[in-house]
Amino acid sequence: MNQKDQYAVIGNPIEHSKSPWIHKRFAEQTGEPIEYGRILGPLGGFEKEARWFMAAGARGMNVTVPFKLDAHAFANTLSLRAAAAGAVNTLLFSPEGVRGDNTDGVGLVRDIEVNLGVSLKDVRVLLLGAGGAARGVVLPIFDCAPAALTIVNRTAAKALQLVEQFEANARESSVRLSGGGGDIIEPGAYDVMINATAGSLDAVLPDCDDRAFGAATLAYDMMYSPKPTVFMQHAASLGARVTDGLGMLVEQAAESFFIWRGVRPDGGAVMRELRGELTAKA
Ligand code: ATR
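Residues numbered from 1 in each chain as written. Predicted model: local features only at pLDDT ≥ 70, side-chain atom pairs only at ≥ 80, totals over all residues. Heavy atoms only, no water.

**Q** I'd like a rundown of the pattern of salt bridges, residues and numbers included.
**A** Taken as a whole, this structure holds 17 salt bridges when the rule is applied. In this structure, Asp-5 engages Arg-261 in a salt bridge whose closest nitrogen and oxygen atoms are separated by 2.8 Å. Of this pair, Asp-5 sits in strand E1 (residues 5-11) while Arg-261 sits in helix H9 (residues 246-261), and the two are 256 residues apart along the sequence. Of the two residues, Asp-5 and Arg-261, neither departs from the other in class, the shared state being buried. Of the charged contacts, one joins Arg-51 and Glu-47 as a salt bridge, the two residues approaching to 3.0 Å between their closest N and O atoms. Taken as a pair, Arg-51 and Glu-47 lie in helix H2 (residues 46-55) at a separation of four residues, close to a single helical turn. Assessed through its relative accessible area of 46%, Arg-51 is described here as partly exposed. Through salt bridges with shared partners, a single network forms among Asp-5, Glu-32, Arg-59 and Arg-261. (Salt bridge = Lys/Arg side-chain N within 4 Å of Asp/Glu carboxyl O. Helix = DSSP H or I, 4+ residues; strand = E, 2+ residues; numbered from the N terminus. Buried < 20%, exposed > 50% of the residue type's maximum accessible area, 1.4 Å probe, protein only.)

**Q** Report on unusual backbone geometry, specifying residues and quantitative values.
**A** Put simply, Asn-12 and Pro-13 share a cis peptide bond, and its omega is 5°. The omega torsion of the bond from Val-65 to Pro-66 falls at 5°, within 30 degrees of zero and hence cis. Mapped onto the secondary structure, Pro-66 falls in the loop between strand E3 (60-63) and helix H3 (68-74). Even without being glycine, Asp-122 reaches a positive phi, approximately 65°. Structurally, the position occupied by Asp-122 is in the loop between helix H5 (104-115) and strand E7 (124-128). Of note in the backbone geometry, Ala-145 takes a positive phi value of approximately 60° without being a glycine. Its location among the elements puts Ala-145 in the loop between helix H6 (132-143) and strand E8 (148-152).

**Q** Please set out the packing of H5 against H9 residue by residue, giving values where relevant.
**A** For the pair H5 and H9, interaxial distance at closest approach is 7 Å and the crossing angle is 115°. The chirality of how H5 crosses H9 is right-handed. Two secondary-structure elements touch here, H5 through Asp-104, Val-106, Gly-107, Leu-108, Arg-110, Asp-111 and Asn-115 and H9 through Gly-247, Met-248, Glu-251, Gln-252 and Glu-255. (Axes fitted to C-alpha atoms, helices over the stretch in contact; angles between N-to-C directions. Left-handed = near helix turned anticlockwise from the far one by under 90°. Contact = heavy atoms within 4.5 Å.)

**Q** Mind laying out the side chain of Asp-101, listing which residues take part and the relevant values?
**A** Along the chain, the position of Asp-101 falls in strand E6 (residues 97-101). Apart from the residues within four sequence positions on either side, Asp-101 is in contact with Ser-79, Arg-81, Ala-82, Val-88, Asn-89, Thr-90 and Ile-259.

**Q** With reference to specific residues and values, describe the sheet that holds strand E5 (residues 90-94).
**A** Here we have six strands laid out as an open sheet, ordered E2-E1-E3-E5-E6-E4, and mixed in their pairing. Bordering the open sheet on either side are strand E2 (34-40) and strand E4 (77-78), each of which pairs with just one other strand. Looking at chain direction, E1 and E2 are connected through seven bridges and run parallel. The partner of Ala-8 across the bridge, within E2, is Gly-37. Sitting on the sheet, helix H1 (residues 19-30) touches E1, E2 and E3, and the angle it makes with E2 is about 175°. (Pairing = 2+ DSSP bridges.)

**Q** Run through the side chain of Ser-200, naming residues and quoting values.
**A** Secondary-structure assignment places Ser-200 in the loop between strand E10 (192-195) and strand E11 (218-221). Residue class for Ser-200 comes out buried when judged on its relative accessible area of 9%. Among the polar contacts made by the side chain of Ser-200, one reaches the side chain of Asp-221 at a distance of 2.7 Å. Discounting residues that sit within four places of it in the chain, Ser-200 has contacts with Asn-195, Asp-221, Met-223 and Thr-229. (Polar contact = N/O pair within 3.5 Å; in protein donor to acceptor, adjacent residues only side chain to side chain.)

**Q** Describe the site of the ligand, naming the residues involved and giving the relevant values.
**A** Every residue close to the ligand is listed here: Gly-129, Ala-130, Gly-131, Gly-132, Ala-133, Asn-153, Arg-154, Thr-155, Lys-158, Thr-197, Ala-198 and Val-204. Contacts to the ligand include Gly-132, whose backbone N or O atom sits 2.9 Å from an oxygen atom. Taken by itself the ligand offers 640 Å² of open surface, and the protein chains cover 69% of this. For the shell around the ligand, a count of residues per class yields four nonpolar, six polar and two charged. (Near = heavy atom within 4 Å. Areas by Shrake-Rupley, 256 points an atom, 1.4 Å probe, with all protein chains shown as cover. Nonpolar A, V, L, I, M, F, W, Y, C, P; charged D, E, K, R; others polar.)

**Q** Just give me the short version of the domain arrangement of the chain, but keep the residues and values in it.
**A** On domain assignment, one finds that the chain holds domain 1 (5-102 + 248-281) and domain 2 (105-244). A straight line from the C-alpha centre of domain 1 to that of domain 2 covers 25 Å. Contacts between the two partners involve 17 residues from domain 1 and, on the opposite side, 18 residues from domain 2. Across the domain 1 to domain 2 interface the summed buried area is about 1400 Å²; carbon plus sulfur atoms make up 58%. When the area that domain 1 buries against domain 2 is broken down by residue, the three leading residues are Ala-84, Met-248 and Glu-251, summing to 42%. Taken together, domain 1 and domain 2 are joined by two salt bridges. The partner of Asp-244 in a salt bridge is Arg-275, and the shortest N-O contact between them spans 2.7 Å. The interface formed by domain 1 and domain 2 holds six residue pairs in polar contact (both at pLDDT 80 or more) in total. For the side of domain 1 that touches domain 2, the secondary structure elements donating two or more residues are helix H4 (80-85), H9 and helix H10 (267-281). If one sorts the elements of the side of domain 1 that touches domain 2 by residue count, H9 sits on top with five residues. (Domains from an automatic or database assignment. Buried area = accessible area lost by both parts, 1.4 Å probe.)

Here it is in structure tokens:
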């Protein structure tokens, strides 16, 4: 009998994770022989669970809240983007050891550029937030060669720390990088705004000057939600094009699948199907 390769997502909580559904679709689409489950990791017990899964012959894992830092520490080697993010969402198990990667940022830019058809090249991007989620997307955004990236955070010092961390990369990529509190927003509507704050979870609108939004702005909330988030509602009321982060969720999964299997699934098709399911349930 052909044994399928085993993968899983680990998190706490985990029951609402869409990843098993998404990877099942990818496996059907590509014919790759995989099985993908979910693991409820006990708080403080990441390493034990990961070692147990590895010992059972598994090939890799996705890692979600609150274990992305534990996975970063657990990996023997890291991709550049995982090292820069300081967090790991994808583990690859092989005889050489455990490789940690972070596919969140690439998932975001693929959703923006491929699914939404908005090129990031030469545009002005405003990133709201300076926590782990924001840190993880900076390098992949630079890879798209925007003209400028402005990082705005409620706590200005954290945005300035990110500017310091990524200053050299910005210079290399010829991106104008700035950061601080709300007062540093440049005049004129931004082409793309990304809400990477945790505000949407609590239905809180991050502080942002209304003049940053325009009719040609894409306002992207990294959270996904069956109903428009407060950030999306606000941006839409100012005339911007809005989206949630469902496409990012599917595309980060597609990149993990590619890392594991060397085959790139069609994320757009799976995203549209998942959107349909979620809308039907809402
Ligand atoms: P994550 O891993 O989701 O990024 P995090 O590292 O705790 O989580 O970062 C949360 C981010 O959301 C931070 O940028 C935080 O701003 P502060 O650095 O000022 O705390 C931001 N955030 C959380 N709640 C917010 C709110 N109500 N308004 C604005 N920003 C908020």
